[in-house]
Structures are given as C-alpha cells and as structure tokens.
Amino acid sequence: MSDGTGSRKIESQHAGVRNVIRLPDRFAFLRGNCTRILLWPAACGVAAALLWGFALARIEADRGAIEQAALETASNLARAYAEHLKRSIAQIDQVTTLVKYEWEQGQGHLKLENLEASGLFPESDLLFVLIAGRDGRIRTATGPVRIDASLSDRPAFAFHKVNDSTSLRIGQPIHGRFADRTVIHFSRRLDGVDHSFGGVVVVSVDPSHFTAFYDATGVGQAGLLGMVGTDSVPRAIRNGGEGSRAEPAALWGAEFLRETDQGTRYMDGTAEFIDGRSRFVAWRAVSSHPLIAVVGLDGDEVMAPFLQHRATTIKALLLGTLGLACFAALSMGLTARLAWRKYQEEQVRDAYRMATEGGSEGFYMLRVLRDRRNQVIDFEVADCNQRGAGLSGLTRTELVGKRFSGLYREPYLAEVMQTFRDALESGLHEDDFEVPDGSPLEANWVHRKIVRSGSGLALTLRDISETKAQERALSRLANEDPVTRLANRNWLMEFLPGAIERARHQGEFLGLLFIDLDDFKNVNDTLGHAAGDEVLQAVARRLHSLVRPSDHVVRIGGDEFTIILEPLADAAQASRVADRISESIAQPFEIARGCSTLSASIGISLYPRDGADIETLLKSSDIAMYHAKAEGKGQHRFYEPGLLERLTQRLDAEQALVRALKEDQFIVHYQPRVDAASRRLTALEALVRWQHPERGLVAPGEFVPLAEETGLVVPLGEAVINKVCAQVAAWRAAGLPVVPVSINVSSRQFAAGSVAAVIDASLTLHQLPSALIEVEITESSMMGEQTEVAANLAALRARGIRLLVDDFGTGYSSLSQLQRLDVDGLKIDRSFVVEIGVTRESEVFVSAIVSMAHALGMVVTAEGVETETQMRILEALGCNEVQGFLIARPAPAERIVELLRTPAGASEFATPWDATG
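Nothing here was measured: the structure is a model prediction, and the numbers come from that model.

Novice: So what's going on with the overall build of the protein? Which residues, and what values?
Specialist: Across its full length, the protein carries 33 helices and 33 strands. Counting every position in the protein, which comprises 917 residues, the buried fraction comes to 45%. Contacts in the protein between residues at least 24 apart in sequence constitute 61% of all its contacts with a sequence separation of at least 6.

Here it is, written out as structure tokens:
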C-alpha cells in the first residue's frame, strides 16, 4: 500500500470479482465447497470417537497404573516393615546377648532389676525379660513372678536344653503365664562355667509390639499387617487398626510366601479373605531371621479415587460430545460464509506467499511517516508475512497498519527509530542484537537487515536465538567448572587482564586470594571422591556467599580456589575477607557420608604492589598460600618478597626426605606393650625415626606430617615394614623369645592398596610366621571407601595378621564398623588416659570402651600410661594391656635384646630406659 488511490483501485477490483462470482448459480458454488463444509461434522465425529477411545483407554491405563502403584506401595511398606522387624528383633537380640554376657561373667549372679534400672532394656510395657536356671526355675525377672514359677515345660526351655546353639530362637505365639496374654518368646541359651547347659534367658514380647508399625504407615483403614514365620505360623497380625483377622490361615501357609524372599500379589477377597475385601498383598523376608513381613492394602480404599475419577471423566466426555456437536453446527455455517470470502482473496494472497512465505525470515514493508517539515516522525507496517507477524506475537491482520510508536516503549523506541533513520539515510543496515525487555519481538537474539526500498524500508528479521544459545553453551563449557559451576582457570586467564586494566585506569587496588583446602585429599581417601565433590560444592557455595556482587570466585583445579576482589580499598579489606573465609570453611560440612571438617590456607597478592601482570600476581598469591600452610594451616598470609626463599626451604626439606628414603637414613625404635596385671611383655610397637647424617636423630613430628602431605609416607611405610620383619627374623635367628611387633599403617598406605601385598612379601622373604606381625590402623583409615577398607583388612586377616585400632576415641568409627571390619584390639588414645585419676568422666569413658571391646572379643590397650595411679585404675577397669613411659620409652633394636631376655618383662626394664629414652 502506497496511497489512498491505490487502495480504491484494489477495492474496485475485488468488487468486480464478487459481481462475476454472483452471476452463476449459487448452488454450483456450494457443490464445489460441499466437502469443506461437511468436513466439520465428520471431523467432530472422529474427534468424539477418538476422545472416547482415548479416554476409555486412559481410564484402563490409570486402573493398571493404580494397581501397579498399589503393589509397589505394598512392596515398599513390606520392605519398611521388614526393616522395622529386623531392628526390633535386633534390639531384642542385643538384650539377650547382654544378659547372657553379664550372667556368664557373673557366673549366674545377676539381677535383671539392676540392668533394668540402669536403662539397658528398652522402655516398653510390651516386653518382659526373665532368666531360668538349668532346672527351669525362674531366677530373676524384670517384673513380678510367682516364687515357684518354672519354664521347664515351655518349648524354649526344652529346645535350648538339648541344643547347644547360642543363637536367638523365635518361638510361636503362646499364652503367657505372667502377663496373662498371648506373647512370643525370644530366647537364648545360657552356658555354665564348664560350657554345659546353664539355663535360658527369655524375652516375652506382646505381638502388638511388632504391629505398632501399622500406625506409622499408610496401610489404610482396612489394611493388613502381619509377621509370619517360615514355618507358616503367624506371630503377629493387625487388620484395620482393630487387631482382627480378616485373612484365612491358608494365606500364611501359601507356598508363594516361601518360594521367594519378596513379592507382590493381588488377592480376590471373595475367595481369599473372610471379610470379602480384596487386597494388594506384598511380602518380604526379614534378613537374618526366619520371618516374613506381610502387608496388605485394601482394594476398595486403593481404587476409590480411581472410581470417582472415572465417573467424573465419563460425565465430562458426555458434555464434551455435546459441545462438539454444537461446534460442528456452528462451524458449518461459518465455513460456508468464509469460503465465499476466501475465494475472493485467494489469488492475491497466493502471489504474495510465493514471494515471502517460503523462507524462515520475518519480512516487513515499512512506510515512512513525516511531519509538515518533512521530518521523519514514525514508521508504519505497510505489509508483512506470517512469519514476521508471528515474531511480533500478533497476526498479520493485527500488525499491518501498526505504528512503531505503538509497538515499542521507551527507551528502546528511540533506539529503534534512530536505527531506521540511519538505514533510510545510508540505504543499508545489518546487525545481530539481543532483544531487550521493551521489545515486542518474541525471540532472544535476532539478525536484522534493513534495506531502503523506494521511499520506505524493507525489514528482514531472522530468529538466531538457538545459534546464540549454542554459542553460550560452548562458552560455558569452556569457562565453567563442571563440579562447582564456578568460573574456571580458562575464564580467570581471560578476565584478569581486563580487571588489571580497570584497576590501573581507576587507580585502585585489585586483590587476588589463592585458597587451598588443607588435607582435602584425606576426604577423597577416606570418604570417597563422591563425598569430595560434595564438599567442593559446599565450599563453593560458602565462598560465593562471602563476597560482593562485584567480586568473583574461581575454581582453578583440585581443591584450589581463587577470589578476585574488585575494587579493593586497601590490604585490610582483603584481610577481613580472608578471615571470614577461614571462619566459614572451619565450620563442619554436613554431607551424605557424614560430617567433614576442613580448614583453608589463603595466600593474598595485591595489584600493583605484588605484581603488574597475571603470571606474577598468581605466582605471588600461590607462594603466600604455601607460606600460610607451612605455618600451621587454616591461616592467611600476604605475599612478601622473602616468602619465595621460605618456599624453597620447604622444597629442600622434601628433597631431603626423598634423599633419606633413597639412602636408607630411617631406623626403627620399639616400645613395649605389657600385660596390665602381670606387667609381662606381650608385644612391641615399631616407631620410625630419622637418623639424619648432619642433624642427628630427627623427631617424627618434624618429618611424618611432611611425608603424609607429599605422599612419601607410602614408600616410608614399606621401608618400615621390611625393617621390622628383618629385625624380628634376626631376633629369632639369635634364639630370643620374640613377641609380636605392631606396625602403624597410615590412611595414605591403605589408599595405595598395597599394604597387604607388601607385608605378605616381607613375611615370605624373611620366613616369618604372620602371628609375629600386627597392624595398627587409625579410625580415619576405617572411614574410607568401605569396600576398599574391608578388602584391605580382609586380606591382612586372611594372612593371619592381627589388626588393632590406634588412637581409639579420637575419630568417627562406630560399633557397626568395628563388628564388620573384625578388628582384634583397640588402643585407647593417651588423651583419655592422662585424665584417669583426675576426672570421673574419663574413667566412665574408658570403662565403656573396655566393656564394648570385651563384648566384641577385642583386647584393649591403654596408651600413654605414666603414673602408678593410672596403672591401678586401668587394671581395675579391666584393661588388658598398657603402654607408656611408666613401662618403658621407645628404644633402638639393640636395647630390646635385654628386654627380651628379661624374664620379668618390661616392668624391671622401665627405670634404665627412663634415663635414656
């Protein structure tokens, strides 16, 4: 459209066409469009059929999905109920084990009332504990019993009397004599001093104790919960929260309950249940016990929402069908009318489409609007294609005739108008631009081309959002750390030059903080790399929360981060940020594998004081960080010119340690471990020392941490193992009565995975029995990748090597770990021993460790014993062995010869060593 005259000509042409078309018979036109008009009722009929078919199929699919979900829910509840039963029975098992241990240790003198008063039994009205002697008479109980009460006629007593198994027995429900209700007897055999039958301990439990789980689950109002034995006898049943039995006994004897450890099944109520209600049944075997957990969900309760939804759906289908019928009638009339008008415009539109609709670009013809002074004041859309209208979120009819002043808002309108004026002046404008918020274009990025056409403009727009998104994705991959989602080293190297230039131009400081997580490798070695990644992500979040929006946090690799402080007022501001980071990192990290505690060493360099380019600033902050780490970790230090020299000294120390390993400058001292009662020698502990050619004997505290940091502890540990085996072999060859020697193994050695192989090779080389070597591991070593730790320890035990847990009480090991990893002894850390005789709490703590260890069949050794008072208390508490300066200090191998020849053991050898140790 160019002017009003042209418009009138087009209208006249359209009128002429209409007149020509009206001359023939109108029925001929309808016959030509009959198919199109009747298409609506046909399409609506097909749509109704498809709608009904789809809805009915969906209803059936929903039914199947709900039934499957019900079976899965029942299976999950059965698994949870099985775990609940396992924990409940494990608690009862622990009670019988504890009572058996206390009864046999006291040689039959035990009052269950005392154990109950100390809180060692679960607080429950449904649990009753008693002990019957070898004659069946009850000796003690947690509640009142008759004086002449006897269990001699009970199945539990009869079973244990003739069966020497000490395992927990789970009886069938019987009527309890003392509780006057149905109970289940959990029993364990008691042995006399000569290991003959000494009686039984019985825990009577109300079956409702095992069905209380019903109230904590979604079993429903008419659900079923049951505990049945593999002997087909139900132990506990609960139905609908009322305790009634809605199921026949045939369910408990069904073969499918015992054919597999777990399963699900839909059971028709008319044939399977007395109450006639169908149920979704799931069962699961209780591990380690001859029991099966059974859960049943009521079918009516499960399907009630589905039935209601089906009724609502069918009602909606009927209404939808009626609506389609109305729509078909209306559409037929509108189609007939529109077909008439469409024919008139079809020829013109076809020609236009051939020119513009074939491409993927939006095409617009813009008319220039001028004022009386011939100044451009606006632009109007004279024409466009469908793609162009779609980019604006409008139809072609809505867009044609619109002025740009009505399409755009300020301030973006002024920018668009200026771009169009420039194109009108120059004849051509082409660019890519990101669509701002004020634009009506429905795209993120657009390629724009404007060409002057006559007195107006031809505008072409192409959506390039996907291309730009791909470019951003590639940029993100190149500049983003995949673990923490922080910027990476590549981004840092591209960003820093601009930051340095801005700081130079504005005359400000630029701060660079180099952060290294202290001992982070221990997290990977002990908890695994997945836990390490979790900690890194938590560190990234904390660092990001501590800085300003203008600052930047970067992970440059491993456990190293960099923070760019921009702008920076002075050095004190950088110091305050470093203090906040140290305090934040020092807070424990709660992760899936437990709790991890770290510290951070931070080095700070400032532009322009410590460097004027990227390499110098990074190197300066790195050197400052190493200085902070060398001074004790968990600190921050600014770069100073003399730090490079100190770093060089540390590298020299590492080189000296490497050279010491190569030149075999390490020797082994030995410290005795004696029996707490007789003070006779039981074992020796091997302790490494560095015999420096210039400095003399170097204490372990100076080189062991460095060896741990650098990984040199692995070859050092192998050297110690070979030296110890060679020395023990030499003592044997000299005819000395040798005792076992324990060797400390670090977590890094376990991570290397070669401990068992190294010890095995050394024992074979020196022809030593494995009983003469013990391995001491720390609790942190036990917290590593569980499969790897278990495999390492299993390999050592298979060789016959005893395992001891060193410094027990300072780490995070648990009772379950000690049981699973099957260690032979615990060494109580000296930090607890020094408090013995000073605080009551220390004695309680040591007593608890001793009791626990003895219950697990472990030997307990106390480290750091220095006074006779400590010795007497430890002996009274039942500690098996002691080690410390009171007995003897570590000494070289030649001094041990005298000790091995001393019949009285280390107790007579302590005094001369105190003078020389």
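Novice: Help me get a handle on the pairing of strand S2 (residues 138-141), residues and values and all.
Specialist: As defined by bridge partners, strand S1 (residues 127-133) adjoins S2 across 3 bridges and the pair is classed as antiparallel. If you follow Ala132 over to S2, its bridge partner there is Ile138. Counting the residues that bridge the hairpin from S1 to S2 gives 4 residues, and of these Gly136 lies at a positive phi of roughly 90°.

Novice: Please set out the pattern of salt bridges residue by residue, giving values where relevant.
Specialist: Counted under the stated rule, the structure contains 37 salt bridges. Between Asp191 and Lys100 there is a salt bridge, with the nearest N and O atoms lying 3.7 Å from each other. In this pair, Asp191 is assigned in strand S5 (residues 182-191) and Lys100 in helix H3 (residues 34-105), connecting sequence segments 91 residues apart. With a relative accessible area of 16%, Asp191 lands in the buried category. Classification of Lys100 by relative accessible area gives buried; the value is 12%. If you follow the salt bridges from partner to partner, you end up with Lys100, Glu104, Arg189 and Asp191 in one network.

Novice: Outline the nonpolar core, listing residues and values.
Specialist: Among the nonpolar cores identified, the biggest contains 76 residues, and Tyr670, Val724, Trp731 and Leu796 are the most heavily contacted of them. In terms of residue count, the dominant contributor to this core is helix H23 (residues 713-733) (10 residues). Counting 46 residues, the second-largest nonpolar core is a separate cluster that includes Ile131, Leu190, Met227 and Leu297.

Novice: I'd like a rundown of the environment of Asp261, residues and numbers included.
Specialist: Tracing the backbone shows Asp261 in the loop between helix H8 (256-259) and strand S9 (262-267). Sequence-wise, Asp261 and Trp283 are 22 residues apart; in three dimensions their C-alpha atoms are separated by 7.8 Å. Excluding residues that lie within four positions of it along the chain, Asp261 makes contacts with Trp283, Arg284 and Ala285.

Novice: Tell me about the environment of Ala458, and please be specific about residues and values.
Specialist: Considering the arrangement of structural elements, one finds Ala458 in strand S16 (residues 456-463). Along the backbone, Ala458 and Arg367 are 91 residues apart, and their C-alpha atoms lie at a distance of 9.1 Å. Those residues in contact with Ala458, other than ones at most four positions away along the chain, are Phe363, Tyr364, Met365, Lys449, Ile450, Val451 and Ser453.

Novice: So, the confidence of the model for the protein: which residues are in play, and what are the values?
Specialist: In the predicted model, the protein carries a mean pLDDT of 82, and 87% of its residues have values of at least 70. Looking across the protein, the model is least confident in helix H33 (residues 910-916), with a mean pLDDT of 38, and most confident in strand S32 (residues 881-882), with 94. Long-range and interchain partners of residues 347-352, a stretch whose pLDDT sits below 50, account for 8 contacts in this model, where long-range means more than four residues apart. Taken as a whole, residues 907-917 scores under 50 in pLDDT and shows 24 contacts with residues more than four places along the chain or in a different chain.

Novice: Describe the sheet that holds S9, and please don't skip the residues or the numbers.
Specialist: Strand order in the open sheet formed by 5 strands is S8-S7-S11-S10-S9, with antiparallel pairing between adjacent strands. Each edge of the open sheet carries a strand with a single partner, namely strand S8 (234-239) and S9. For this sheet, the mean inter-axis angle between neighbouring strands, taken without regard to orientation, is 15°. Where strand S7 (residues 224-229) lies against strand S11 (residues 291-298), 6 bridges are found, and the strand directions are antiparallel. When the bridges of S11 are listed, Met227 appears paired with Ala293.

Novice: Please set out the pairing of strand S12 (residues 362-370) residue by residue, giving values where relevant.
Specialist: Both S12 and S16 contribute to a ladder of 5 bridges, which runs antiparallel. Looking at the pairing, Tyr364 lines up with Leu459 of S16. Bridge analysis of S12 against strand S13 (residues 376-384) gives 7 bridges, and the strand direction is antiparallel. Residue pairing for S13: Arg367 is matched across the bridge by Glu380. Between S12 and S13, which pair antiparallel and follow one another directly, the connecting turn spans 5 residues, one of which, Asn374, has a positive phi of 70°.

Novice: Can you tell me about the packing of aromatic side chains, naming the residues and giving the values?
Specialist: Scanning the model with the defined rule gives 12 aromatic pairs in all. Consider the rings of Phe666 and Trp690, whose centres lie 5.7 Å apart with planes at 35°: the pair is tilted. Residue Phe666 is located in strand S24 (residues 666-675), and its partner Trp690 is located in strand S25 (residues 681-692); the two are separated by 24 residues in the primary sequence. Ring plane angle 50° and centroid distance 5.5 Å describe the contact between Phe666 and Phe703, whose orientation is recorded as tilted. With Phe666 in strand S24 and Phe703 in helix H22 (residues 700-710), the pair connects residues that are 37 residues apart, well separated along the chain. Members of the aromatic cluster, connected to one another through ring pairs, are Phe379, Phe404 and Phe420. The ring of Phe589 is capped by Arg542, whose NZ or CZ atom sits 3.7 Å from the centre of that ring.

Novice: An account of helix H30 (residues 840-855) is requested, with residue identities and associated values reported.
Specialist: Helix length check: H30, at 16 residues, gives a terminal C-alpha distance of 23 Å against a target of 22 Å (1.5 Å per residue), a fit within 8%. All buried positions along H30 are accounted for by Ser842, Val846, Ile849, Val850 and Ala853. The buried residues of H30 all sit within an arc of 95° when viewed along its axis, so they share a single face. Away from its buried face by more than 90 degrees, H30 exposes Arg840, Glu841 and Ala855. On the buried face of H30, the contacting elements are strand S29 (802-808), strand S30 (825-828), helix H29 (830-833), strand S31 (859-862) and helix H31 (868-876). One or two residues past the end of H30 sits Gly857, with phi positive at roughly 75°.

Novice: Outline the side chain of Thr140, supporting the account with residue identities and numerical values.
Specialist: By the element assignment, Thr140 lies in strand S2. Relative accessible area serves as the criterion here: at 4%, Thr140 is assigned to the buried category. At a separation of 3.3 Å, a polar atom in the side chain of Thr140 contacts the side chain of Glu113. Excluding its chain neighbours within four sequence positions, the residues that come into contact with Thr140 are Leu110, Lys111, Leu112, Glu113, Leu130 and Ile131.

Novice: Tell me what's going on with the sheet that holds strand S19 (residues 560-568), and back it up with residues and numbers.
Specialist: Judged by pairing direction, the sheet is mixed, and its 5 strands sit side by side in the order S18-S19-S17-S22-S23 without closing on themselves. Among the strands making up the open sheet, the edge pair consists of strand S18 (552-557) and strand S23 (636-638). Adjacent strand axes in the sheet meet at a mean angle of 20° when their direction is disregarded. Where strand S17 (residues 509-517) meets strand S22 (residues 600-607), 8 bridges bridge the pair, whose relative direction is antiparallel. Residue pairing for S22: Leu512 is matched across the bridge by Ser605. Contacting S17, S18 and S19, helix H18 (residues 529-546) runs over the sheet at an angle of about 10° to S19.

Novice: Lay out the packing of H23 against helix H25 (residues 755-766) with the relevant residues and their values.
Specialist: Packed helix pairs are specified by the crossing angle of their axes together with the interaxial distance, meaning the distance between the axes. Interaxial distance between H23 and H25 falls to 9 Å at its minimum, and their mutual angle equals 25°. Put simply, H23 runs roughly parallel to H25. The hand of the H23/H25 crossing is right-handed. Contacts from Glu718, Ile721, Asn722, Cys725, Ala726 and Ala729 in H23 reach Val758, Ile759, Ser762, Leu763 and His766 in H25. Considered class by class, the residues forming the contact of H23 with H25 number 7 nonpolar, 3 polar and 1 charged.

About the criteria used
- The residue numbering used here restarts from 1 in each chain and proceeds along that chain's sequence as written.
- In keeping with the predicted nature of the model, local features appear solely for residues at pLDDT of at least 70, side-chain atom pairs appear and are counted solely at 80 or more, and the whole-chain, interface and lining totals rest on all residues.
- Side-chain metrics in this entry use all non-hydrogen atoms of the structure; hydrogen atoms and water are not considered.
- Every helix listed is a DSSP run of H or I at least four residues long, and every strand listed is a run of E at least two residues long, numbered separately from the N terminus.
- Burial classes follow relative accessibility: with a 1.4 Å probe on protein chains only, a residue under 20% of its type's maximum area counts as buried, one over 50% as exposed, and anything between as partly exposed.
- The contact definition used throughout considers only heavy atoms, calling two residues in contact when any of these lie within 4.5 Å.
- Strand pairing is assigned whenever DSSP identifies at least 2 bridges connecting the two strands.
- The salt bridge definition used is simple: a Lys or Arg side-chain nitrogen within 4 Å of an Asp or Glu carboxyl oxygen.
- Within this scheme, the nonpolar core is defined by two criteria: the residues are buried Ala, Val, Leu, Ile, Met, Phe, Trp, Tyr or Cys, and they are joined through side-chain atoms within 4.5 Å.
- Note on scores: pLDDT gives the predictor's confidence for each residue, bounded by 0 and 100.
- Orientation is described by lines fitted to C-alpha atoms, with helices fitted over the stretch in contact, and by angles between N-to-C directions that extend from 0 to 180 degrees.
- Stacked, tilted and edge-to-face are the three classes applied to pairs of Phe, Tyr and Trp rings, where Trp contributes its six-membered ring and a pair requires centres within 6.5 Å; stacked means planes under 30 degrees apart, edge-to-face means over 60, and tilted covers the rest.
- Both a distance and an angle decide whether a charge sits over a ring: NZ of Lys or CZ of Arg must be within 6 Å of the ring centre and within 35 degrees of the ring normal.
- Every helix has an expected span of 1.5 Å times one less than the residues it contains.
- Our arc is simply the arc of the directions from the helix axis toward the C-beta atoms.
- Polar contacts, as counted here, are pairs of nitrogen or oxygen atoms within 3.5 Å of one another; within protein the pair requires one atom able to donate a hydrogen and one able to accept it, and residues that are adjacent in sequence qualify only if both atoms are side-chain atoms.
- Here the word oblique covers every angle except those under 35 degrees (roughly parallel), over 145 (roughly antiparallel) and from 65 to 115 (roughly perpendicular).
- Handedness of a helix crossing follows the sense of rotation of the near helix relative to the far helix, less than a right angle counterclockwise being left-handed and clockwise being right-handed.
- Residues are grouped as follows: Ala, Val, Leu, Ile, Met, Phe, Trp, Tyr, Cys and Pro are nonpolar; Asp, Glu, Lys and Arg are charged; all remaining types, including Gly, are polar.

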